[in-house]
Amino acid sequence: MSRKMLYRHAIREALDEELARDENVVVMGEEVAQYNGAYKVTEGLWEKWGDKRIVDTPISEAGFIGMGIGASMLGVRPVMELMFWSFHSVAFDQLVNNAACVRYMSGGLINVPIVVRGPANGGTNVGATHSHIPEGLFAAFPGLKVCAPATPADAKGLMKAAIRDNDPVYVMENTKLYGIEGEVPDPEDGDHVVPLGKADIKREGSDLSIIAHGRSVLHALEAAQTLQEKHGIDVEVLDLRSIRPLDVEAIIATVHKTNRVMLVDESKPFGGVSAMVSTIIHEEAFDYLDAPVARVCSIDAPAIYSPHIEDEQLPNPRRIVEKALMMG
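Because the structure is a prediction, the values reported are computed rather than measured.

Asker: Go over the overall build of the protein chain, please, and point to the residues and values.
Answerer: Along the protein chain, the regular secondary structure elements total twelve helices and 14 strands. Its C-alpha atoms give the protein chain a radius of gyration of 19 Å, within 12% of the compact-globule value 20 Å for 328 residues. Considering only intrachain contacts with a sequence separation of at least 6, the fraction spanning at least 24 residues in the protein chain is 80%. Of the accessible surface of the protein chain, which amounts to about 13,700 Å², a share of 55% is contributed by carbon and sulfur atoms. Looking at charge distribution, the protein chain has the averaged site of its 31 positive side-chain charges lying 1 Å from that of its 47 negative ones.

Asker: Requested: an account of the pairing of strand β11 (residues 235-239), with residues and values cited.
Answerer: Side-chain direction in a regular strand flips from residue to residue, so the side chains alternate between the two faces of the sheet. Within β11, five of the five residues are buried, which leaves the element mostly enclosed by the surrounding structure. By the alternation rule, side chains of β11 split into V235, V237 and D239 and E236 and L238, which are all buried. Pairing of strand β9 (residues 200-203) with β11 involves three bridges; the strand directions are antiparallel. What sits directly across from I201, in β11, is L238. One ladder, built from five bridges, connects strand β10 (residues 208-212) with β11; its direction is parallel. Pairing of A212 across the sheet is with D239, part of β11. Handedness of the crossover joining β10 and β11 through helix α8 (residues 216-231): right-handed.

Asker: Before we move on, can you summarise the sheet that holds strand β14 (residues 294-297) with the specific residues and values?
Answerer: The five strands are arranged β9-β11-β10-β13-β14 in an open sheet whose pairing can be described as mixed. The open sheet has two edge strands, β9 and β14, and neither has a second partner. Taken pair by pair, the neighbouring strands of this sheet meet at an average axis angle of 25°, ignoring direction. Relative to β14, strand β13 (residues 261-265) runs parallel, the two sharing four bridges. Among the inter-strand pairings, V264 is bridged to a residue of β14, identified as V296. Against the sheet, helix α12 (residues 317-326) engages β10, β13 and β14, with an angle of about 165° to β14.

Asker: Describe the domain arrangement of the protein chain, naming the residues involved and giving the relevant values.
Answerer: Each domain of the protein chain was delimited in the assignment, giving domain 1 (2-189) and domain 2 (200-326). Centre-to-centre separation of domain 1 and domain 2, based on C-alpha positions: 26 Å. Listed as interface residues are 30 residues of domain 1 and, on the opposing side, 22 residues of domain 2. Surface buried jointly by domain 1 and domain 2 totals about 2,000 Å² across both partners, of which 58% is contributed by carbon and sulfur atoms. When the buried area of domain 1 at its contact with domain 2 is split by residue, N125, I133 and A150 rank highest and sum to 24% of it. Across the salt bridge formed by R241 and D154, the nearest N and O atoms sit 3.0 Å from each other. Connecting domain 1 to domain 2 are eleven residue pairs in polar contact (both at pLDDT 80 or more). Where the side of domain 1 that touches domain 2 is concerned, the elements lending two or more residues are α6 (135-139), β6 (145-147) and α7 (152-164). Here the side of domain 1 that touches domain 2 is composed, by residue class, of 16 nonpolar, ten polar and four charged.

Asker: Provide a residue-level description of unusual backbone geometry, including the pertinent values.
Answerer: Here the residue pair R244 and P245 is connected by a cis peptide bond, since its omega of 5° sits within 30 degrees of zero. As for its position among the elements, P245 is in the loop between β12 (242-244) and α9 (248-258). A positive phi is found at K40, a non-glycine position, where the angle reads about 60°. Tracing the backbone through its elements, the reader meets K40 in the loop between β2 (25-29) and α2 (45-49). Exposure remark for K40: the relative accessible area of 29% places this residue in the partly exposed category. A positive phi angle, near 70°, is found at N259, a position not held by glycine. As for its position among the elements, N259 is in the loop between α9 and β13. Given the relative accessible area of 21%, N259 is considered partly exposed.

Asker: Go over the packing of α9 against helix α10 (residues 273-284), please, and point to the residues and values.
Answerer: Taken N-terminus to C-terminus, the directions of α9 and α10 make an angle of 65°; their axes are 10 Å apart at the nearest point. Here α9 and α10 pass one another in a crossing that is right-handed. Residues V248, I251, I252 and V255 of α9 lie in contact with α10, whose contacting residues are V277, I280, I281 and E284.

Asker: How would you summarise the pattern of salt bridges if you had to cite specific residues and measurements?
Answerer: Counted according to the given criterion, the structure contains 27 salt bridges. Residues D167 and K145 are paired through a salt bridge, measuring 3.3 Å at the closest nitrogen-oxygen approach. Taken as a pair, D167 in the loop between α7 and β7 (169-173) and K145 in strand β6 lie far apart in primary sequence, 22 residues in all. Classification of D167 as buried rests on a relative accessible area of 14%. E204 is the partner of K257 in a salt bridge, and the nearest nitrogen-oxygen pair spans 2.5 Å.

Cut-offs and rules
Residues numbered from 1 in each chain as written. Predicted model: local features only at pLDDT ≥ 70, side-chain atom pairs only at ≥ 80, totals over all residues. Heavy atoms only, no water. Helix = DSSP H or I, 4+ residues; strand = E, 2+ residues; numbered from the N terminus. Rg over C-alpha atoms; globule rule 2.2 N^0.38 Å. Contact = heavy atoms within 4.5 Å. Areas by Shrake-Rupley, 256 points an atom, 1.4 Å probe, with all protein chains shown as cover. Lys, Arg positive; Asp, Glu negative; His and termini not counted. Charge placed at Lys NZ, Arg CZ, Asp CG, Glu CD. Buried < 20%, exposed > 50% of the residue type's maximum accessible area, 1.4 Å probe, protein only. Pairing = 2+ DSSP bridges. Right-handed = clockwise from strand over helix to strand, strands pointing away. Axes fitted to C-alpha atoms, helices over the stretch in contact; angles between N-to-C directions. Domains from an automatic or database assignment. Buried area = accessible area lost by both parts, 1.4 Å probe. Salt bridge = Lys/Arg side-chain N within 4 Å of Asp/Glu carboxyl O. Polar contact = N/O pair within 3.5 Å; in protein donor to acceptor, adjacent residues only side chain to side chain. Nonpolar A, V, L, I, M, F, W, Y, C, P; charged D, E, K, R; others polar. Left-handed = near helix turned anticlockwise from the far one by under 90°.

Written as structure tokens, this is what we have:
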């Protein structure tokens, strides 16, 4: 059985269940307690779990991320909320040089079971300094795990997997998704956990594979419907869900099936997630391609403030359809 649930409520349910499951889980971040979170993801958790489990922090990402990493090294399982992932830069040393390296530098003796979550997206017209999409950046560092859920069910399942993982997991959410609704398995039917490193076929198809993650999955599904109805092109949509570890087997399998691939990625094209996936396809499945790999990414410029222009800067269904028709 499943029930309809908003994306933000699915994350909150995951947090609530893990707080109940493990007394070492704590939620920390700016305004996550009495204010219920900037995006109301943590609404009601402070009233239920109190000051020791739901902790407001000062407006200092460098300070509270560093505190969370130190706590995780001592056995706490902190879930840290960044109001925007764009603020990662002021805590970069903690997020990369410390969290990613401690386990290796200690010879495997010290784990860092921390989750850092929050919005990582453009499209909300908040300017270049609040619109970074850094999943490719963090996936470039060994020791870190990165995921980007597209649906409420995956948002819940990946969050639970992230909290239970003994490595740092950075969850890239999208503010444009917080209000979408989808089916989420009922807790009475069992523990809904989506394993890290496992992609998911959101739509079966035979003519073209679109590989995406995060909000781009929804754009891909809309474009796939248009391509089917107006042009007779049967599109398969593969949702990566997890950026690192990456489900290479699923990527290669969809290439073998359709022989044509488009990568849709909200991050910038230079060195982004799609650049890595494209390289993997060319190295592992080149002989199966009937056309060059196509990419639809954000236009390579800082996030544009104007709503109408930013909508065109990001991947959207129209751009995906146009690129698909150009593939021949």
